[in-house]
Amino acid sequence: DSGVTQTPKHLITATGQRVTLRCSPRSGDLSVYWYQQSLDQGLQFLIQYYNGEERAKGNILERFSAQQFPDLHSELNLSSLELGDSALYFCASSVAGTQETQYFGPGTRLLVL
Amino acid sequence: GQNIDQPTEMTATEGAIVQINCTYQTSGFNGLFWYQQHAGEAPTFLSYNVLDGLEEKGRFSSFLSRSKGYSYLLLKELQMKDSASYLCAVSYYSGGYQKVTFGTGTKLQVIP
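Each chain has its residues counted from 1, following the order in which its sequence is written. Chains and ligands are labelled sequentially in the order written, the chains with letters from A and the ligands with numbers from 1. Reporting of local features is limited, given that this is a predicted model, to residues whose pLDDT is at least 70; pairs of side-chain atoms are given and counted only at 80 or more, and all residues count toward the totals for whole chains, interfaces and linings. Where side-chain values are given, they derive from all heavy atoms of the structure, hydrogens and water being excluded.

**Q** Can you help me understand the side chain of Asp85(A) in this one?
**A** Residue and element names in this part refer to chain A. Turning to its location among the elements, Asp 85 is positioned in the loop between strand E8 (74-78) and strand E9 (87-94). Buried, partly exposed and exposed residues are distinguished by accessible area as a fraction of the type maximum, computed with a 1.4 Å probe on protein chains only: under 20%, between the cut-offs, and over 50%, respectively. The exposure class of Asp 85 is buried, given its relative accessible area of 3%. At 2.8 Å, the side chain of Asp 85 forms a polar contact with the side chain of Arg 63. Distance and chemistry together define a polar contact, namely a pair of N or O atoms within 3.5 Å, with one atom able to donate a hydrogen and the other to accept it when in protein, and with adjacent residues in sequence counting only for side-chain atoms on both sides. Polar side-chain contacts of Asp 85 include one of 2.7 Å to the backbone nitrogen of Glu 82. In what follows, a contact means two residues having at least one pair of non-hydrogen atoms within 4.5 Å. Those residues in contact with Asp 85 that sit more than four places away from it in its chain are Gln 36, Leu 61, Arg 63, Phe 64, Ser 80, Leu 110 and Val 112. A run of H or I in DSSP becomes a helix once it reaches four residues, and a run of E becomes a strand once it reaches two; helices and strands are each numbered from the N terminus.

Shown next, in the form of structure tokens:
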């Protein structure tokens, strides 16, 4: 158990819908990262927050957005969902920056039908 | 941009030694991570190399050559449970921030 929690574990929805994925980092970690992993694909970095502020942006679509709240939990919002958005979405946290070990949550498996 | 290259798949025999290579081309390089990921599960940290040389941690060792843009993960006394994907990731400095990019991973199959 990494100490990072993600909810929900599984999510099934239809095209065009909007969903919110939630992540709680390890106690004391200030940075949260979101990754997308499609079937047999590598981890695609989406976005990083540090202490409530956006720190780095990767290959995140405009239909996707995220935020980190004062209690440091984070949410990833996916809208106008397409079939290709079906993937495993991981959240990771670290104490501060990306020179440190990232601890990954169990992931949310999203299936868009 | 960042360019990370690792073999897609490897097969090795239980009890043997396997070396998984990773080459990278990264400006502002800080260090290199190795993560293990079992199918459908979250990646877990194995090692982080900043300086050149070999770091040993039990059955797993990781090597880094900054000048060559090259790293490898060495797994000894392979066990069936070592069947997993091994992800190489580089930490680098860009645009005023530290960032990390993952490779696509090497899927290792350990056979009896």
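Picking up after the structure, the text goes on.
**Q** Please clarify how the pattern of salt bridges should be interpreted in this entry.
**A** Working definition: two side chains of opposite charge can pair if their charged atoms are close together. Basic side-chain nitrogens of Lys or Arg form a salt bridge, by our definition, when they fall within 4 Å of a carboxyl oxygen of Asp or Glu. Tallied over the full model, the rule gives 5 salt bridges over all chains. With its nearest N and O atoms 2.8 Å apart, the salt bridge here joins Arg26(A) to Asp29(A). Taking the relative accessible area as the measure of exposure, Asp29(A) reaches 1% and is therefore buried. The partner of Lys76(B) in a salt bridge is Glu56(B), and the shortest N-O contact between them spans 3.4 Å. In this pair, Lys76(B) is assigned in the loop between strand E8 (70-75) and strand E9 (84-94) and Glu56(B) in strand E6 (residues 53-57), connecting sequence segments 20 residues apart. Relative accessible area serves as the criterion here: at 26%, Lys76(B) is assigned to the partly exposed category.

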